[in-house]
Structure formats: C-alpha cells, structure tokens
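Listed here are the chains, written in short residue letters.
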Amino acid sequence: MRRRSALWYLAVLSLWSTANATTINYDLTNIAGNTWQYDFTVSNDSLPAAIDEFTVFFDRNLFDNLQLGAQPADWDPLVIQRDLAIPADGYFDVLALAGGIDPGLNLGGFQVMVDFLSTGTPGSPYFSVVDPDSFATLDQGSTRSNQAPVPVPEPGTLTLIGAAMLATGFRKRFWRSKAST
C-alpha cells in the first residue's frame, strides 16, 4: 500500500512541472551580408485567453536597424530601434486590431529584418506576451528556431525533489530490511 501511494505522489509531482503557454518559432533567412529576416509563428498552446499583443526583443549588443516586413491582416506592428544611451534593446511589437490568437491556435507571417552585429548566424531573441489593456506580462520566454532540434522538456524542480525523497525513503527501507535479516 505504501508503495502505491508513493508512486501516486510521484506521478502527481511530475505533472507539477513548469512549461511555457506560448511558443514563438521562427525561420531565419540571410537577405544579404549581415541582414537577416525573421519569420515568426506564434502558437497559443495553453493560455486561457487570446494573445492580443506580443513583443520580440533584440539584444542591443547584437542587433541594429530593425525593419518591418510583411504582417498578417488586422495586426498593427511597431519597431523600436535599440538605444545605447539608455541602454535599451530594440524590439518588434505587434497588437491585434480585431481578435487575437485564440487558445490552441497559431498564426504566422510576422516578419522583421535586422542587421546582425556579430559573426555567424543570429540566435533566438526573447519574447513577452502582454495584456494590451493592463500591460501585465502573461508569458515570456525565448523564441525557437524551426531549423534547430526541439528541446526535450526537463522535469520541474518539485518533481526532482519528490523523486529524490522517494529514492531516499526506498533506500532506507531496503537497508533496514537487509539489516534485520
């Protein structure tokens, strides 16, 4: 009976891991020289409401000269350039004018061009999903390249702690039974 209850608790703890409710994937294309085009697709994986606004931030030390590309209809894009005097990252912000991205749906076609100030291929900028009325952050994370392998989710902290506690308990029980024989 104890073994079943311990396994049940471990199963419950494994469900308690954290995950992003939003994913923003991108395709990256070299336009010319150090100019790159990001094509973003936003997926509302589990937010309870529609995504009406999101912002993608470009590190001020790595990106410059942000320019708008094509955008989906009924979305209002805004590009703000980096500011080294403050210092502040540049960003690409998009606001839904009529309905956002409902839960379980995705929308692509968000394009921005940037100059990459380093060598190699640009990486994954980070994003924030905000409520356009209260400006509260609903979700945040790093964008993901469609060309890169999908990362394997790791167990949450509570899951790992619970597993360690169970393993310690089973180990003590095993050694106690060995000592009594």
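Reference entry: report on the structure contained in this document. Small disclaimer: the values here were computed from a predicted structure and weren't measured.

**Here's the deal with the pattern of salt bridges**
- Summed over all chains, the structure comprises two salt bridges.
- Between arginine 60 and aspartate 89 there is a salt bridge; the shortest N-O distance is 3.1 Å. One end of the pair, arginine 60, is in the loop between strand 3 (53-58) and strand 4 (63-68); the other, aspartate 89, is in the loop between strand 5 (75-80) and strand 6 (90-96), and 29 residues separate them in sequence.
- With a closest N to O distance of 3.3 Å, aspartate 64 and arginine 82 form a salt bridge. You can see aspartate 64 sitting in strand 4 and its partner arginine 82 sitting in the loop between strand 5 and strand 6, a full 18 residues away along the chain.

**A few points about the pairing of strand 7 (residues 106-116)**
- Where strand 2 (residues 35-44) meets strand 7, nine bridges bridge the pair, whose relative direction is antiparallel. Counterpart to tryptophan 36 in the pairing with strand 7 is valine 114.

**With respect to the sheet that holds strand 4**
- The strand order across the open sheet formed by five strands is 4-7-2-1-10, and the pairing between neighbours is mixed. On the outer flanks of this sheet lie strand 4 and strand 10 (144-145), each paired with one strand and no other.
- Two strands pair when backbone bridges link them, and strand 4 and strand 7 are joined in this way by four bridges, in the antiparallel orientation. Counterpart to glutamine 67 in the pairing with strand 7 is methionine 113.

**Remarks on the sheet that holds strand 5**
- Pairing is antiparallel across the open sheet formed by five strands, whose spatial order is 5-6-3-8-9. Looking along the sheet, the strands with just one partner apiece sit at the ends: strand 5 and strand 9 (137-142). Averaged over neighbouring strand pairs, the angle between their axes works out to 15° when direction is ignored.
- Strand direction decides the pairing type here: strand 3 and strand 8 (residues 126-130), joined by four bridges, are antiparallel.

**Remarks on the environment of tyrosine 91**
- Among the secondary structure elements, tyrosine 91 is positioned in strand 6.
- Here tyrosine 91 falls in the partly exposed class, since its relative accessible area comes to 26%.
- C-alpha of tyrosine 91 to C-alpha of proline 125: the two residues are 34 residues apart in sequence and 9.6 Å apart in space.
- Residue contacts for tyrosine 91: discarding those within four places in its chain leaves Thr55, Val56, Phe57, Leu66, Leu78, Val79 and Ile80.

**Description of the side chain of aspartate 115**
- Along the polypeptide, aspartate 115 turns up in strand 7.
- Buried within the structure, aspartate 115 lacks any salt-bridge partner; arginine 82 is the closest side chain of opposite charge, at an N-O distance of 8.8 Å.
- At 2.7 Å, the side chain of aspartate 115 and the side chain of threonine 35 are in polar contact.
- A polar contact of 3.2 Å, which involves the side chain of aspartate 115, links it to the side chain of asparagine 65.
- Discounting chain neighbours no more than four positions away, the residues touching aspartate 115 are Asn34, Thr35, Leu62, Phe63, Asp64 and Asn65.

**Focus: unusual backbone geometry**
- Following isoleucine 86, the chain continues into proline 87 via a peptide bond in cis, with omega recorded as -15°.
- Looking at the secondary structure, you find proline 87 in the loop between strand 5 and strand 6.
- Notably, aspartate 74 is not glycine yet its phi reads approximately 65°, a positive angle.
- Counting through the fold element by element, aspartate 74 comes out in the loop between strand 4 and strand 5.
- The partly exposed category is assigned to aspartate 74, whose relative accessible area is 46%.
- Even without being a glycine, phenylalanine 135 presents a positive backbone phi close to 65°.
- Structurally, phenylalanine 135 is set in the loop between strand 8 and strand 9.

Basis of the calculations
Residues numbered from 1 in each chain as written. Predicted model: local features only at pLDDT ≥ 70, side-chain atom pairs only at ≥ 80, totals over all residues. Heavy atoms only, no water. Salt bridge = Lys/Arg side-chain N within 4 Å of Asp/Glu carboxyl O. Helix = DSSP H or I, 4+ residues; strand = E, 2+ residues; numbered from the N terminus. Pairing = 2+ DSSP bridges. Axes fitted to C-alpha atoms, helices over the stretch in contact; angles between N-to-C directions. Buried < 20%, exposed > 50% of the residue type's maximum accessible area, 1.4 Å probe, protein only. Contact = heavy atoms within 4.5 Å. Lys, Arg positive; Asp, Glu negative; His and termini not counted. Polar contact = N/O pair within 3.5 Å; in protein donor to acceptor, adjacent residues only side chain to side chain.

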